[in-house]
Amino acid sequence: MPENHPRIPEPRPDGAPDSPASAAPEAAAAPEAPSRAASSRAEARAADEKTGGSQVLAWLKEIATVVVIAVVLSFLIKTFLFRAFFIPSESMVNTLDVDDRIFVNLLVPEPFSLSRGDVVVFRDTKGWLPAAPEKTNGPFTWVQDGLTFVGLLPDNSEQHLVKRVIGLPGDHVVCCDAGGKLTINGTAIDEKYVNAAEVPQVRNFDVTVPEGKVWVMGDNRNHSADSRAHMDAGGGFVDMADLEGKAAVIAWPLSRITTLDNYPDVFRNVPAAP
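Anyway, here's the lowdown on the structure attached to this text. (Residues numbered from 1 in each chain as written. Predicted model: local features only at pLDDT ≥ 70, side-chain atom pairs only at ≥ 80, totals over all residues. Heavy atoms only, no water.)

What follows concerns the pairing of strand 3 (residues 119-123). Counting buried positions over the five residues of strand 3 gives four, a clear majority of the element. Where strand 3 and strand 4 (residues 160-167) come together, five bridges link them in antiparallel fashion. Paired with Phe122 across the bridge in strand 4 is Leu161. Strand direction decides the pairing type here: strand 3 and strand 11 (residues 243-252), joined by three bridges, are antiparallel. Within the sheet, the bridge partner assigned to Val120 lies in strand 11 and is Lys246. (Buried < 20%, exposed > 50% of the residue type's maximum accessible area, 1.4 Å probe, protein only. Helix = DSSP H or I, 4+ residues; strand = E, 2+ residues; numbered from the N terminus. Pairing = 2+ DSSP bridges.)

A separate point is the pattern of salt bridges. Applying the stated criterion across every chain, the model contains 14 salt bridges. Of the charged contacts in the structure, one is a salt bridge between Arg256 and Asp100, with a shortest N-O distance of 2.8 Å. Residue Arg256 is located in the loop between strand 11 and strand 12 (258-259), and its partner Asp100 is located in the loop between strand 1 (82-86) and strand 2 (101-105); the two are separated by 156 residues in the primary sequence. Note on Arg256: relative accessible area 23%, which makes it partly exposed. (Salt bridge = Lys/Arg side-chain N within 4 Å of Asp/Glu carboxyl O.)

Considering the arrangement of structural elements, one finds Asp226 in the loop between strand 9 (213-217) and strand 10 (238-239). Residue classification places Asp226 among the buried residues on the basis of a relative accessible area of 0%. Here the alpha-carbon distance between Asp226 and Phe237, two residues 11 residues apart in the chain, equals 9.3 Å. One polar contact links Asp226 to Ser224, side chain to side chain, over a distance of 3.1 Å. (Polar contact = N/O pair within 3.5 Å; in protein donor to acceptor, adjacent residues only side chain to side chain.)

With that settled, the discussion passes to the nonpolar core. Counting residues in each nonpolar core, the largest one holds 17 residues, and the members touching the most others are Ile166, Val173, Leu182, Ile189, Phe205 and Trp215. Looking at this core, the elements with two or more residues in it are strand 5 (172-175), strand 8 (205-208), strand 9 and helix 4 (264-267). Once residues within four sequence positions are removed from consideration, Ile189 is found in contact with Lys181, Leu182, Ile184, Val266, Phe267 and Val270. Of all hydrophobic cores here, the second largest spans 13 residues; its members include Ile102, Val104, Val119 and Val162. (Core = buried A, V, L, I, M, F, W, Y, C linked by side-chain atoms within 4.5 Å. Contact = heavy atoms within 4.5 Å.)

Any functional reading would require information that these geometric values do not contain.
Laid out in structure tokens, this is it:
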């Protein structure tokens, strides 16, 4: 019985390998698979980087847009509605303290009317203040000036004053009656806003406020160079045209945030100017 030995293939006459013809393409294709995977990963990374860059750019554009809008709005508000000011002196203590920051309503006295008792900020066109020292420019002065210009910082140029309106055009204001009280158009008033820490020194005057002007006094009477101190220069009156507006709010420091009162009860019984 013949033995069952494995058949040893004989070499082909043409010297070709004995493997099937289909093996060659498979063997040739094998090295290409890793290359395609690497290429796909590189493309994915490039796409991710491109997407991330686009997101950062879009985010920066949004931030820039918000900043521009905020600056424009601040400028418009500062120009037409409210403006910030810094309080450098004690002339309005206890109503306003040194270093307070206030917002001033620019719509008073026009189009809204001014009232007795209003706290106002006005330009120093009469030379009540000493000449301001020459400004020293530092490396970031332009930044401060720019922020002040657009209204993001208070004006601390010291060329403005803040006082309380006591007499309106036509009012007859006198200090003082037998009881030591101020009178307006013949009616004595109880000035609740005056600093109670000191007894006000009596400084006699008798004035009638001209048209287009107001008579102003500080709440800290013994430390306020107001209309009483400048009667030799224009009678001590302030031009309505010089008023920046009515101080409405203490905005800083946070512990002092409040609206400012014009004490209507104090002036309720004062008759209109004759």
